[in-house]
Amino acid sequence: MELLNIFIGGEWRQGGGELMHSHFPADGSLNATLHAASLEDVAFAVERAEQAWRDPNWRDLLPHQRATILRRVGDLIQLRLERLAEQQTLDNGKPLAEARGLVASAAATAHYYASACELQEGELPTARHSDIMTLSRYQPLGVVAAITPWNSPIASEMQKIAPALAAGNAVILKPAEATPLMALELASLFEEAGLPAGLLSVLPGKGSVIGDALARHPLVRKISFTGGTRTGRHLAHVAAEKLIPASLELGGKSPTIVLEDADIEQAARGICYGIFSSGGQACIAGSRLFIHRSVYQPLLTRLLELTRGLRLGHPLQHGTHIGPLISAAHREQVMRYVELAQEEGGQVLCGGEIPADPVFAAGYWFQPTIIEGLSNQARVCQEEIFGPVLVAMAFDDEQQLIAEANDSVYGLAAGLWTRDAARALRLADRLEVGTVWINTYKVFSVSTPFGGFKESGLGREKGIQGLKAWMQQKSIYLATGTSVNHWCD
Ligand code: ADP
């Protein structure tokens, strides 16, 4: 059996840890086997990274020179988009069309941070002394850790690596257990693009062992994490102990809201995509649907029609809307939530089961599911399911709507469907979430910051400020006059 090497401190070699496997969720077949990183590999990668970011070959590169490497990586990804997308699909089961989107987003992120790092400027704060000038400059943090989940690997990994390197750091990436392949692909692309050795390592392995050791390593100066809230809270503790910054992109239970004047067709289509694309395995999935009572039936009727028409299928097959969930264990959890919804008094309007067709028998498909008859207090409305399950509820007035939409420990995103732009902006201000989509849902722009309120996270990624988040600010006072200090006279 061929074993994949992993990329440790600039060297491709076998990890010192246990065997790990990447499986295709559509049929459980084996994509690749590799040895996970060991604790010694973590120590080696961090030490090499520490040398590499201080090395004049990297430290003294000017931003436009660092940008060249990122630009090359973006170009290489675009050239190989089709192959990378296929590999992404094999690794986590996303339909190919969605995987193409993730790969294109990774290329765009590399290009964006290439430009951003060339354009990034320091400041000359306004003088408060006639003969002293002050400068505010930004410097790299050093060695930084990126820990990523399995749902959108290549995009979320580039979202951390690109700004971290653009800022002049060295990065150690710990991909999710189930999906190590794209991270290793990225390492090889950065190597091909001429990134000096040691500045990027990819250490697949168990989160609680390798991820934890990486976060705790004394030389690691920032933790950037995307994943579940429980792990995020743990890493926030680790960061607090070390007094280092942590950027946390965590869970969500996002409300989508249909007001009485919404375009029903536009809303139904957007809501359908917002919850069921990626099989609902998205932190931003719009999983709580609030519909004004006056349009509840027409909206729900159209949404049910659209949902029943979704094509479950092989993720590599053209036209598939919904591929398998990531694993049998995850599907079990999703199914338990559907049972719980019924125990809590909910009625399943569509879906709710494993598809019966034997073509789905070897993978982990689950039907897109819509439930009604529950209040926002139900556990299925309060807990993140991370699967294709939507709960629909009616509301009567704005005050009740805002109270219920905000009644969640999470605050990642919200959707609003209305023709009244002024009302939409007023409501957007009152929603306690990091992103509000109005008459659209689940669209992203690398130039627009992203992150959560409340237990959905801490810090922001993307945008120009996403670059500064990987740097530390330094103030310099420069005396321009000739006066001497007379204190010690
Ligand atoms: P999910 O629920 O999305 O699988 P997790 O939060 O468990 O989310 O995992 C996201 C990433 O965090 C994965 O790469 C995983 O290996 C890693 N991880 C899990 N537990 C820890 C931990 N204790 N310390 C560091 N990383 C962890």
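Everything below is about the structure shown above.
**Brief notes about helix α11 (residues 296–308)**
Item 1. Between the first and last C-alpha of α11 there are 18 Å, a value that for 13 residues agrees with the 18 Å anticipated at 1.5 Å per step.
Item 2. When we look at burial in α11, the residues that qualify are Y296, L299, L300, L303, L304, L306 and T307. Looking straight down α11, one finds its buried side chains confined to an arc of 165°; they lie on one side.
Item 3. Looking at the buried positions of α11, the neighbouring elements they touch are β12 (254–258), α10 (264–276), β13 (286–292), β14 (347–350), β15 (369–372) and β16 (389–395).

**What to know about the sheet that holds β13**
Item 1. Ordered by their spatial adjacency, seven strands build an open sheet running β14-β15-β16-β13-β12-β18-β19, and the pairing between neighbours is mixed. Looking at the sheet topology across the chains shown, the edges are occupied by β14 and β19 (435–438). Neighbour-to-neighbour, the strand axes of this sheet turn through a mean angle of 25°, independent of strand direction.
Item 2. The sheet contacts of α10 involve β12, β13, β15, β16 and β18 (413–417), and relative to β16 the element is tilted by about 140°.

**Considering the environment of D407**
Item 1. Position of D407 relative to the elements: it lies in the loop between α14 (398–406) and β17 (410–411).
Item 2. On the basis of relative accessible area, D407 is assigned to the partly exposed category, the value being 30%.
Item 3. Considering only alpha carbons, one finds D407 and C488, 81 residues apart in sequence, at a separation of 62 Å.
Item 4. Those residues in contact with D407 that lie beyond four places of it in its chain are R288, N376, Q377 and Q382.

**Section: the site of the ligand**
Item 1. In the neighbourhood of the ligand, 19 residues make up the surrounding shell, with T148, K174, E177, G228 and T231 lying closest.
Item 2. Note that an oxygen atom of the ligand is positioned 3.4 Å from one of the side-chain N or O atoms of W150.
Item 3. Here G207 contributes a backbone N or O atom positioned 3.2 Å from a nitrogen atom of the ligand.
Item 4. Bound to the protein, the ligand loses 77% of the 550 Å² it would expose on its own.
Item 5. Residue assignment for the shell around the ligand shows that the elements contributing at least two residues are α8 (207–216), β10 (220–226) and α9 (229–242).
Item 6. Partitioned by chemical class, the residues of the shell around the ligand number seven nonpolar, nine polar and three charged.

**Brief notes about the sheet that holds strand β5 (residues 30–35)**
Item 1. Pairing is mixed in the open sheet, where three strands are placed in the order β1-β5-β4. Either end of the sheet is taken by a strand with one partner, and the two such strands are β1 (3–4) and β4 (19–23).
Item 2. Pairing geometry for β4 and β5, over five bridges, is antiparallel. In the strand pairing of β5, S22 is matched with A32.
Item 3. Sheet contacts for helix α7 (residues 181–192): β1, β4 and β5; angle to β5, the most-contacted strand, approximately 70°.

**So, the side chain of T435**
Item 1. Mapped onto the elements, T435 comes out in strand β19.
Item 2. Excluding its chain neighbours within four sequence positions, the residues that come into contact with T435 are L412, A413, A414 and F450.

Criteria and thresholds
Residues numbered from 1 in each chain as written. Predicted model: local features only at pLDDT ≥ 70, side-chain atom pairs only at ≥ 80, totals over all residues. Heavy atoms only, no water. Helix = DSSP H or I, 4+ residues; strand = E, 2+ residues; numbered from the N terminus. Expected span 1.5 Å × (residues − 1). Buried < 20%, exposed > 50% of the residue type's maximum accessible area, 1.4 Å probe, protein only. Arc of directions from axis to C-beta. Contact = heavy atoms within 4.5 Å. Pairing = 2+ DSSP bridges. Axes fitted to C-alpha atoms, helices over the stretch in contact; angles between N-to-C directions. Near = heavy atom within 4 Å. Polar contact = N/O pair within 3.5 Å; in protein donor to acceptor, adjacent residues only side chain to side chain. Areas by Shrake-Rupley, 256 points an atom, 1.4 Å probe, with all protein chains shown as cover. Nonpolar A, V, L, I, M, F, W, Y, C, P; charged D, E, K, R; others polar.

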